[in-house]
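So you can see what is in the structure, the chains are spelled out below.
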Amino acid sequence: MPGLLRRARSVDANLAHRLVIYVLLAGSIATAACVETAVRVAPFRVRPDAAEPGSLQGPFTGRVVDSTTHAPIAGALVYAAWTFERGTALAEPAGAKELVSSTDAAGNYTVAKLDRLPRGTRVTEFTLLVYKRGYVAYRSDRRFTDLGLRMDFAQSDNQVLLERWRNELSHARHLRFVGSGTAVAALTQWELGDASAELDGRRPRDGDDLRPGRGEGQYVVAAQLLAETDIKARTKYDGGFETGPLSDEPDTAIYSSQHFKALGRPETWDVALRVWRLDPGKAQERYDELLTQLPGITEKDDVASRSFIAAENDIRGVGFLDAPRGIVVLLTCGSNQCISQDDATAMAQTIYGRIKSLLPTTLGGVGK
Amino acid sequence: MKRIAMTLALALVPATAAAWEPQTTHAGLAEQAAMASRLHKRLVSIGFSGGLFEPLTIPPADAPALAAALKLLSPTHGSVPDGRGRQSALGWLTAGAALADIPASQGANHFFDPSTGAGWSAPDRDLSGKVRAVFGRGGIPDKGVPAPDWLSTKTNPFGVEQFLNQYAKAVSAATPGERSRYMAAALIAAGAMLHTLGDLGAPSRVRGDSGAQLEPLGSGNDDLGSRFERIAALVYGRLGVPGPSRTITRTHLRDYVTSKDGGGLADVIARSYFSPNTLPEPTRVSSEVTPRLVRPQPTLPVRLNLMAANRDDGTTLRSSNGICLARYRVEHDVLRFSLDDECMMEELAQILPEVAAYETGLLDFLLRGELTIAVAGQITVSAKGLGAGSLELLAEDDRGVRKSIATLQTTTSEQLAQVPAPPTGTRVVAVFRGIDAAGEPIVAVGAAPLAH
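Residues numbered from 1 in each chain as written. Chains lettered and ligands numbered in written order. Predicted model: local features only at pLDDT ≥ 70, side-chain atom pairs only at ≥ 80, totals over all residues. Heavy atoms only, no water.

Quick look at the overall build of chain A now. On a plain count of helices and strands, chain A comes out with 9 helices and 16 strands. Relative to its 368 residues, chain A shows a buried fraction of 54%. Counting only contacts in chain A whose residues sit at least 6 apart along the sequence, the fraction spanning at least 24 positions is 61%. Entry remark: accessible area of chain A is about 15,200 Å², with carbon and sulfur atoms responsible for 50%. (Helix = DSSP H or I, 4+ residues; strand = E, 2+ residues; numbered from the N terminus. Buried < 20%, exposed > 50% of the residue type's maximum accessible area, 1.4 Å probe, protein only. Contact = heavy atoms within 4.5 Å. Areas by Shrake-Rupley, 256 points an atom, 1.4 Å probe, with all protein chains shown as cover.)

Regarding its fold elements, chain B presents 14 helices and 16 strands. For 452 residues, the compact-globule estimate of 2.2 N^0.38 gives 22 Å, and chain B sits close to it at 25 Å. Taken along the three principal axes of its C-alpha coordinates, chain B extends 90 × 45 × 35 Å. Counting all 452 residues of chain B, 62% fall into the buried class. Taking the intrachain contacts of chain B between residues at least 6 apart in sequence as the baseline, contacts between residues at least 24 apart amount to 69%. Of the accessible surface of chain B, which amounts to about 16,600 Å², a share of 52% is contributed by carbon and sulfur atoms. Positive and negative side-chain charges in chain B, numbering 43 and 44 respectively, have mean positions lying 2 Å apart. (Rg over C-alpha atoms; globule rule 2.2 N^0.38 Å. Lys, Arg positive; Asp, Glu negative; His and termini not counted. Charge placed at Lys NZ, Arg CZ, Asp CG, Glu CD.)

Residues and elements named next belong to chain B. Helix α14 (residues 341-366) packs onto helix α11 (residues 227-236) with a crossing angle of 70 degrees between their chain directions and a minimal axis gap of 10 Å. With respect to their mutual orientation, α11 and α14 come out roughly perpendicular. Residues Arg227, Phe228, Ile231, Ala232, Val235 and Tyr236 of α11 pack against Asp341, Met344, Met345, Glu347, Leu348, Ala349, Ile351 and Leu352 of α14. Taken together, the residues of the contact of α11 with α14 break down into 11 nonpolar, no polar and 3 charged. (Axes fitted to C-alpha atoms, helices over the stretch in contact; angles between N-to-C directions. Parallel < 35°, antiparallel > 145°, perpendicular 65-115°, else oblique. Nonpolar A, V, L, I, M, F, W, Y, C, P; charged D, E, K, R; others polar.)

In a disulfide, the sulfur atoms of two cysteines are covalently bonded to one another. This model, assessed by the stated rule, comprises 2 disulfides over all chains. In this model, A:Cys333 is linked to A:Cys338 through a disulfide, with the two sulfur atoms separated by 1.9 Å. Residues A:Cys333 and A:Cys338 are joined through a disulfide that is right-handed, its torsion about the S-S bond being 95 degrees. Judged by its relative accessible area of 0%, A:Cys333 is buried. Covalent S-S linkage joins B:Cys324 and B:Cys343, the inter-sulfur distance amounting to 1.9 Å. Around the S-S axis, the bridge from B:Cys324 to B:Cys343 shows a dihedral of about -100 degrees and counts as left-handed. Of this pair, B:Cys324 sits in strand β7 (residues 324-331) while B:Cys343 sits in helix α14, and the two are 19 residues apart along the sequence. Each member of the pair, B:Cys324 as well as B:Cys343, carries the same accessibility label: buried. (Disulfide = S-S within 2.5 Å.)

What follows is about the nonpolar core. Core analysis: the largest hydrophobic core is formed by 112 residues, its most contacted members being B:Phe163 and B:Met183. Top contributing element to this core by residue count: α14(B), with 15 residues. Setting aside chain neighbours within four positions, we find B:Phe163 in contact with B:Ala186, B:Ala189, B:Ala190, B:Met193, B:Leu366 and B:Leu367. In terms of nonpolar packing, the next biggest core, distinct from the first, is built from 30 residues, A:Val318, A:Cys338, A:Ile355 and A:Leu358 among them. (Core = buried A, V, L, I, M, F, W, Y, C linked by side-chain atoms within 4.5 Å.)

Attention shifts here to the confidence of the model for chain B. All names here are of chain B. Mean pLDDT over chain B: 90, with 90% of residues reaching 70 or higher. Note that residues 1-18 has pLDDT below 50 and, in this model, 69 contacts with residues that lie over four places away or in other chains. Here the complex is predicted with pTM 0.82, and the ipTM for its interfaces comes to 0.87. (pLDDT = per-residue confidence, 0-100.)

Turning next to the packing of aromatic side chains. All names here are of chain A. Inspection of every chain in the model, using the stated rule, returns 20 aromatic pairs over all chains. Summarising the aromatic geometry, the rings of Tyr237 and Trp269 are spaced 5.6 Å apart at their centres and angled 35 degrees between planes, so their arrangement reads as tilted. In this pair, Tyr237 is assigned in the loop between α7 (228-235) and β10 (241-244) and Trp269 in the loop between β11 (255-262) and β12 (271-277), connecting sequence segments 32 residues apart. We note that Tyr237, like Trp269, is buried. Ring centres of Tyr287 and Phe308 lie 5.5 Å apart, and the angle between their planes is 45 degrees; on these two criteria the pair is classed as tilted. Residue Tyr287 is located in helix α8 (residues 280-293), and its partner Phe308 is located in strand β14 (residues 306-312); the two are separated by 21 residues in the primary sequence. Accessibility assignment for this pair places Tyr287 and Phe308 in one class, buried. One Lys or Arg, Arg133, reaches over the ring of Trp190 and ends 4.1 Å from the middle of that ring. In this structure, Arg173 is placed above the aromatic ring of Phe144, and the distance from its NZ or CZ to the ring centre is 5.7 Å. (Phe/Tyr/Trp six-rings, centres within 6.5 Å; stacked < 30°, edge-to-face > 60°. Lys NZ or Arg CZ within 6 Å of the ring centre and 35° of its normal.)

Once that is clear, we can look at the pattern of salt bridges. One pass over the structure, following the stated rule, counts 39 salt bridges over all chains. When the shortest N-O distance is used, the salt bridge between A:Asp230 and A:Arg354 registers 2.5 Å. Placement of A:Asp230 in helix α7 and of A:Arg354 in helix α9 (residues 341-358) is noted, with a sequence separation of 124 residues between them. Put simply, B:Glu21 and B:Arg230 hold a salt bridge, and the shortest N to O gap is 2.6 Å. Taken together, the positions of B:Glu21 in the loop between α1 (2-12) and α2 (22-36) and B:Arg230 in helix α11 put the pair 209 residues apart, joining distant regions of the chain. No difference in accessibility class separates B:Glu21 from B:Arg230, as the two residues are buried. (Salt bridge = Lys/Arg side-chain N within 4 Å of Asp/Glu carboxyl O.)

Residue and element names in this part refer to chain A. Examined against the element boundaries, Gln341 turns out to sit in helix α9. Reaching out from Gln341, the side chain makes a polar contact with the backbone oxygen of Gly317 at a distance of 3.2 Å. Apart from the residues lying within four places of it in its own chain, the contact partners of Gln341 are Ile309, Ala310, Arg316, Gly317 and Val318. (Polar contact = N/O pair within 3.5 Å; in protein donor to acceptor, adjacent residues only side chain to side chain.)

A separate point is the sheet that holds strand β13 (residues 402-410) of chain B. Two modes of strand pairing occur in sheets, parallel and antiparallel, and in both the strands are linked by backbone hydrogen bonds. Residues and elements named next belong to chain B. Ordered by their spatial adjacency, 5 strands build an open sheet running β9-β16-β15-β12-β13, and the pairing between neighbours is mixed. With partners counted over all chains shown, the strands left at the sheet margins are β9 (369-370) and β13, one partner each. Pairing between strand β15 (residues 427-436) and strand β16 (residues 441-449): 9 bridges, direction antiparallel. Bridge pairing links Arg433 to Val443 in β16. (Pairing = 2+ DSSP bridges.)

Going through the model one piece at a time under the given rule, you end up with 9 cavities of 30 Å³ or more. Estimates place the volume of the second largest cavity at around 430 Å³. Along the wall of the second largest cavity there are 24 residues; nearest its centre are A:Gly179, A:Ser180, A:Ala185, B:Gln87 and B:Ser88. No other element matches the 4 residues that helix α4 (residues 182-188) of chain A contributes to the lining of the second largest cavity. (1 Å grid on protein atoms, 1.4 Å probe; cavity = no way out; pocket = protein on both sides within 12 Å on 5 of 7 lines; lining within 4 Å. Points joined across faces, edges and corners; volume = space filled by probe spheres on them.)

Encoded structure:
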């Protein structure tokens, strides 16, 4: 086996590195025998300064800052996913639960505790991914620089240092690194062309547009604008949602959607959000199209630049135009979830507030 | 101390793994193989201009069973399409690598013992009563199809026949949407084949050691699996899986698994490493100590270091290139061999690049068929190394729609066809389906621009 012979040299160094990994794991797993078997023991600490392992179930908190300036980063995408498995010995993947949110103005994030597991499964992993255009993504399990095991992630009070993107970095590696969560993929799909160019040996396009807050269009996705907790806070709904993009139209650079499908309930309990990010002129056109296409329209103009309410059978709708940012939003809500039109309008106000927070007009690319 | 810490960690990590873990190790191996192979260039050449990062779509309504299986995967590992069934070509390949273990019983077809030609056989010995009680005998198949047969059997939904069928359609189908769907399906089959081959990098799978797959790993009674393969997942995950040491080239598909020259992955791993239940047998120490080997290879040195073996922590049996093969120790005058976690980690650092090398080679093998098309009044199609088959030429218009312009049977000559160029169109593409010079099924493809 000549190939093996050639690779013998690095064994000692590799082994030493990995032993360090296992020393950490040992410290965090020592109490494993006491935990319920449906949730594996977390390979991360409960807090940065603690020796005890955290919980895969969460909740998770932390702060995202620029690695150079240590300034907080607002509006970064926070993507969390729990991985499930089932079976004995010949085990198989059993799905995942995703949550999407954003950092607040101080760069803080919170991921709520995983409240329920699919029947007959166990939680095998929790992965947190933080991304903002112009920066290298952060994963809770691996480092981008060398793809080595991340040792410093903590369940609470975690600090995420986002490194600014540099032109010499590989988009192909970065796309592998971020994985395929829908919200993440929507935010990073602009890298596909550059990644492909790298593999062709062509030079990716100039990197100036990668600076924080600059670039092509408003990189915000629907999942960042409305969370389960926002809905429940307004409607007092106590059930669960399955979340993900709507199936009628795929997410693109200018369109994004999020469907809150009420578990075990008819669609009159569902909420759906559609967001278009366009230049201001086209946003106006899109808004006008909605006015002509939707039933039961009444113009209200009480959210953002212009707004309307709509109604058809058991569905209530609110649409608005944020003209300076070129954003059009359409929220639809079933009549069991939104008992009154005010519920839908209140959620639209929440969405607009979040847009203003994520895309302040002082940053480039806004209010052209 | 370090060894204790590591052992404790692994002893207490609740885990279940029946193979290299599908979403971490297998996905990582497939990604490495894709990046090192000719896949990107091949995709570009047949019209998927983004290559590995070309978005390809399988609408969920077209393949509901597939869509349901994909929902079982975790998006963080890069192989879950969006709601419309769209992800990159690389994502579809890694999805195939992960889907090969769904349903879990498919994993029984990822074993092969080159010394007997047998695949998985459910263990009925070397199991503790506790494990047997938990596991029973009804949860897994008694037998599996040997891995090299599984790659080409018609009952494998992700075998070579499926790959070639989808791959050919990915070139010959009329519309870009259809071609996208077929290419994604071909990549799923390719990824699953990489998985089947890659599993044979685990020594227990090629040494008839099915008991090693049922080691209790965690605190729960149902936490059973291969410790070796679990360590790989813990240390490397998906993103940390090393790249290939080289690219393995073989003439026949089966040769990637096993061949007469002993160069298949199963052959190499089986003779180079021990597995937990195929270690040299315990031997009472006397004037001459020659432990009995369960398998002829790996061999033992003429003289074992019994002085070192008498120490509390024993000593290490190493291969000629210094890799830990086992620990051995004399206790109560009996020489015993064992495999600990550090030893397995050393082995993994050697084995995974080799597995990636074989997977890269397999991917290149699947995509090896290449047609050369010259356009000058006539369209001339030629190729090397092909046997008999059928050739179809298609003209693509400016909407990306392809229409057949000629279909003909070919023999073994290098020039396969010469036909008049179509009056309109932007590109001509050709697909050959048949066998290669070695008698292996093959699809060969090519494309060239049409100048009008």
